[in-house]
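Structural characterization, general
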Amino acid sequence: MQFKKSLVVPLSLILAVSLCSLSLPPEEKAKNLKVLPKNISHEELMQTMHVFNKSLGVKCDFCHAHSKDDPKKLDFASDILEEKETARDMMKLTMRINKKYFKSGKDENGKQIMTVTCYTCHNGQKEPVAAPPGGMDKGPQGPPPGGHDGHDGPPPPPANH
C-alpha cells in the first residue's frame, strides 16, 4: 500500500504538467526578421519595439503596415512601409558604431557603458533635429569661445566716441 501511495503523487504531477503543456499554444516566432536575431523571444522583441516607440515618439504603425484583411490589425512581416527599411538601416548603423567605438557596450568589469541608440539622435522625435534650438551660432551664454558673434579672430577694437 505504501508503494502505491508513493507512486500516485509523482505520477499525478507528471500528468498535470503534461496536460498544462498541451493546453499552452507554442510561442509564435516573428517572421521576416532581417536585423534582429531570428531566435529572439517574444518578450525581448516587445521590449525592443517599446524602446523604438519611446525613442522616436511613434506607435507601431509608423513602421508596420495595417493588414489588408483586417485594417485594425498590423501586418508585422510586411515590408511595404519605407520607414521599416529605414529602421533596419539605422539599427545596422548603430550596431556598427557601437561595435567599432564602444566594443561590447561594457567596460572591463562588465558594467554597461554609453552606447549610441535611437534616442541618441531622435530624442523622442520622428526625425532627428539637425541643430539645437536657437541655431548653432550663439548658445545661451553668448557667442562661442574664440569667436565673437560667430566669427573667428580677435574682437573688434572699441568704438571711439
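Calculation notes
- Residues numbered from 1 in each chain as written.
- Predicted model: local features only at pLDDT ≥ 70, side-chain atom pairs only at ≥ 80, totals over all residues.
- Heavy atoms only, no water.
- pLDDT = per-residue confidence, 0-100.
- Helix = DSSP H or I, 4+ residues; strand = E, 2+ residues; numbered from the N terminus.
- Core = buried A, V, L, I, M, F, W, Y, C linked by side-chain atoms within 4.5 Å.
- Buried < 20%, exposed > 50% of the residue type's maximum accessible area, 1.4 Å probe, protein only.
- Contact = heavy atoms within 4.5 Å.
- Expected span 1.5 Å × (residues − 1).
- Arc of directions from axis to C-beta.

1. Brief notes about the confidence of the model for the chain
Per-residue pLDDT for the chain has a mean of 80; in total, 67% of the residues score no lower than 70. Within the chain, no element has a lower average pLDDT than strand E4 (residues 151-152), which sits at 52, and none a higher one than strand E1 (residues 65-66), at 97.

2. Quick look at the nonpolar core
If you look at the biggest cluster of nonpolar residues, it comprises 6 residues: Leu33, Val35, Leu36, Ile40, Leu45 and Met91. When residues no more than four places from it in sequence are discounted, the contact partners of Leu33 are Lys38 and Ile40.

3. Some details on unusual backbone geometry
Within the chain, Asn32 stands out as a residue other than glycine whose phi angle is a positive 65°. Residue position: Asn32 is located in the loop between helix H1 (2-23) and helix H2 (42-56). Look at Asn123: it is not a glycine, yet its phi comes out positive at around 50°. Among the structural elements, Asn123 can be located in the loop between helix H4 (118-122) and strand E3 (147-148). On the basis of relative accessibility, which here comes to 43%, the residue Asn123 falls in the partly exposed class.

4. Observations concerning the environment of Glu82
By secondary structure assignment, the location of Glu82 is in helix H3 (residues 82-102). In this structure Glu82 comes out as exposed when scored by relative accessible area, which is 64%.

5. A short note on H3
Helix length check: H3, at 21 residues, gives a terminal C-alpha distance of 29 Å against a target of 30 Å (1.5 Å per residue), a fit within 8%. Buried residues of H3: Lys84, Arg88, Met91, Thr94 and Asn98, and no others. Each buried residue of H3 lies within a common arc of 130° when the element is viewed along its axis, so the set occupies one face. Exposed residues pointing more than 90 degrees away from the buried face of H3 are listed as Glu82, Arg96, Lys100 and Tyr101. The inward-facing, buried residues of H3 contact H2. Of the residues one or two after H3, Lys103 is the one with positive phi, at around 50°.

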